Amino acid sequence: MTTAAVNGATASAVLVLEDGRVFGGRAYGAVGETFGEAVFATGMTGYQETLTDPSYHRQVVVMTAPHIGNTGVNDEDPESRRIWVAGYVVRDPARVPSNWRSVRSLDEELAAQGVVGISGVDTRALTRHLRERGAMRAGIFSGAALSDTETLLTRVRSAPVMTGADLAAEVATTEPYVVPAIGRKRFTVAAVDLGIKGMTPQRMAERGIEVHVLPATASLDEVYASSPDGVFFSNGPGDPAAADHPVDLMGGVLERGTPLFGICFGNQILGRALGFGTFKLKYGHRGINQPVKDLATGRVEVTAHNHGFAVDAPLEGATETPHGRVEVSHVCLNDDVVEGLRLLDRPAFSVQYHPEAAAGPHDAAYLFDRFAALMEGQRA
């Protein structure tokens, strides 16, 4: 295999950051080249759910946990139809996976899906670098794609940035589909797919909700074609400042007063629909161990996150908006980033984190019950 010189040593793959820092390692998964925004995820488990989360579209994901691939890959845990990460960076991949559900190794799965990765990287040093310098463009190169550093750096710097990227329609379903309620059907929900994870409609179905999943480009008439009791806006990739259609669509839902729930990207879309701005975080929140405080109860939840943008809204008091008063309901205890919004005059709320949380934690699962209660109250 072709090798490159990195700090006097040889490597069969290199990770090149747009600020010029280079990390050497071994090819992992597919051999070739890939580009994306370098970000780090702090979960110590759930790597299969991370890889298949559409919110990671066009991102090179660095795993901070050193040992990845220990339980192999199964066909039950994917959150979507494919791996979405642009590239994958790990320190010590498992040599032999061991789990009763494993059907193939992670290396084999990455290669089969054409995902270019790199292993043997000092991910601690890389994570510290991204924390200090911020998320940035990166490229992974292996095999015939290896070249001199200046050439590779030029290619990385010519890759598109995440700011201004409208990506939801690239990962969303193109055709509507229905996830039936489990047991007795209680409600019908229209879910706008901006990059929805498979566990989200599952959590609703467990509560007797029939979920009609719609493309990101759905019209207001299409949203209401099923006469829904509630409307849901999902997580998804990209810059919320560029997502004008979902914002207009949510505005129409708010005007009708239908119970509304948004997760992650859906929280940012609600913020924009209410007139707030959004901004890019330095390195984002990605992992399954983020502490969030419910400002109404004082309860602290350990939650799953995957977002690089946030809503710019006052943390205290109610704000008047075209759709009534709104308050921030949750904040991140690490950095006071807005983690939830709640309307006081309409049945609508959202959170920035992931209450569906596969592979966990499940502290925030009650939010699906809150959504059901809103729909029950509207019906009454």
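The protein chain goes by Carbamoyl phosphate synthase small chain in an unreviewed UniProt entry, where it is assigned to Streptomyces litchfieldiae. Here the protein chain is described in UniProt, under the heading Sequence similarities (unreviewed entry), as follows: "Belongs to the CarA family." Checking UniProt for the protein chain, the heading Subunit (unreviewed entry) contains the comment "Composed of two chains; the small (or glutamine) chain promotes the hydrolysis of glutamine to ammonia, which is used by the large (or ammonia) chain to synthesize carbamoyl phosphate. Tetramer of heterodimers (alpha,beta)4."

Student: Which parts of the structure should I look at to understand the UniProt feature "binding site: L-glutamine" (unreviewed entry) in the protein chain?
Tutor: Here the UniProt-annotated "binding site: L-glutamine" (unreviewed entry) positions come out as S55, G236, G238, F265, Q268, N306, G308 and F309. Across 255 residues, the annotated set stays spatially compact, with a maximum C-alpha separation of 13.3 Å. Restricting the annotated residues just mentioned to those that line the largest cavity leaves N306. Mapped onto the elements, S55 comes out in the loop between α1 (47-51) and β6 (59-63). Exposure remark for S55: the relative accessible area of 6% places this residue in the buried category. When near neighbours in sequence (up to four residues on either side) are disregarded, S55 contacts N235, G236, P237 and N306. A polar contact of 2.9 Å, which involves the side chain of S55, links it to the side chain of N235. With respect to the helices, strands and loops of the structure, F265 is situated in helix α9 (residues 265-273). Classification of F265 as buried rests on a relative accessible area of 2%. Discounting residues that sit within four places of it in the chain, F265 has contacts with L194, S234, N235, G236, P237, G238, D239, P240, A243 and Q352.

Student: Would you take a moment to explain the pairing of strand β11 (residues 136-142) for this structure?
Tutor: Successive side chains on a regular strand alternate, one facing one side of the sheet and the next facing the other. Taken across its seven residues, β11 has seven buried, putting it largely inside the fold. Both strand β3 (residues 13-17) and β11 contribute to a ladder of five bridges, which runs antiparallel. Directly across from L17, in β11, lies its bridge partner A138. Examined bridge by bridge, strand β5 (residues 33-41) and β11 share six bridges and lie antiparallel to one another. Its bridge partner being in β11, E33 is matched across the sheet by F141.

Student: Could you clarify how one ought to interpret the environment of G287 in this entry?
Tutor: Note on placement: G287 falls in strand β17 (residues 277-294). Look past the residues within four positions of G287 in its chain and what remains in contact with it is T42, G43, T303, A304 and H305.

Student: Just checking my understanding: could you explain helix α3 (residues 123-133) for this structure?
Tutor: Each α-helix winds once per 3.6 residues, and so residues spaced three or four apart point in a common direction. Those residues of α3 that fall on the buried side of the exposure criterion are T123, L126, T127, H129 and L130. The buried residues of α3 occupy one face: seen down the axis, they fall within an arc of 160°. Exposed positions of α3 whose direction lies more than 90 degrees from the buried face are R124 and E132. Of the residues one or two after α3, G134 is the one with positive phi, at around 95°.

Student: Looking at this structure, how should I read the sheet that holds β5?
Tutor: Strand pairing in a sheet takes place through backbone hydrogen bonds and is either antiparallel or parallel in direction. Spatially, the seven strands close up into a barrel ordered β3-β4-β10-β8-β6-β5-β11, and their pairing is mixed. With strand direction ignored, the average angle separating the axes of adjacent strands in the sheet is 35°. Where β3 and strand β4 (residues 22-29) come together, four bridges link them in antiparallel fashion. The residue of β4 that forms the bridge with L15 is F23. Docked against the sheet, helix α4 (residues 149-157) engages β3, β4, β5 and β11, running at close to 135° with respect to β11.

Student: What's the story with unusual backbone geometry in this structure? I'm lost.
Tutor: Residue A359 follows A358 across a cis peptide bond; omega there is 20°. Within the secondary structure, A359 is located in the loop between β22 (348-351) and α10 (366-379). The omega torsion of the bond from G360 to P361 falls at 0°, within 30 degrees of zero and hence cis. Structurally, P361 is set in the loop between β22 and α10. Backbone geometry places S227, a non-glycine residue, at a positive phi of 50°.

Student: Looking at this model, I keep getting lost on the environment of R370. Mind explaining?
Tutor: With respect to the secondary-structure elements, R370 resides in helix α10. Relative accessible area serves as the criterion here: at 27%, R370 is assigned to the partly exposed category. Put simply, R370 and F349 are 21 residues apart on the chain and 9.4 Å apart in space, counted from C-alpha to C-alpha. Once residues within four sequence positions are removed from consideration, R370 is found in contact with D294, H330, R342 and F349.

Parameters and conventions
- Residues numbered from 1 in each chain as written.
- Predicted model: local features only at pLDDT ≥ 70, side-chain atom pairs only at ≥ 80, totals over all residues.
- Heavy atoms only, no water.
- UniProt positions renumbered as here; feature names shortened; annotations may be inferred.
- 1 Å grid on protein atoms, 1.4 Å probe; cavity = no way out; pocket = protein on both sides within 12 Å on 5 of 7 lines; lining within 4 Å.
- Helix = DSSP H or I, 4+ residues; strand = E, 2+ residues; numbered from the N terminus.
- Buried < 20%, exposed > 50% of the residue type's maximum accessible area, 1.4 Å probe, protein only.
- Contact = heavy atoms within 4.5 Å.
- Polar contact = N/O pair within 3.5 Å; in protein donor to acceptor, adjacent residues only side chain to side chain.
- Pairing = 2+ DSSP bridges.
- Arc of directions from axis to C-beta.
- Axes fitted to C-alpha atoms, helices over the stretch in contact; angles between N-to-C directions.

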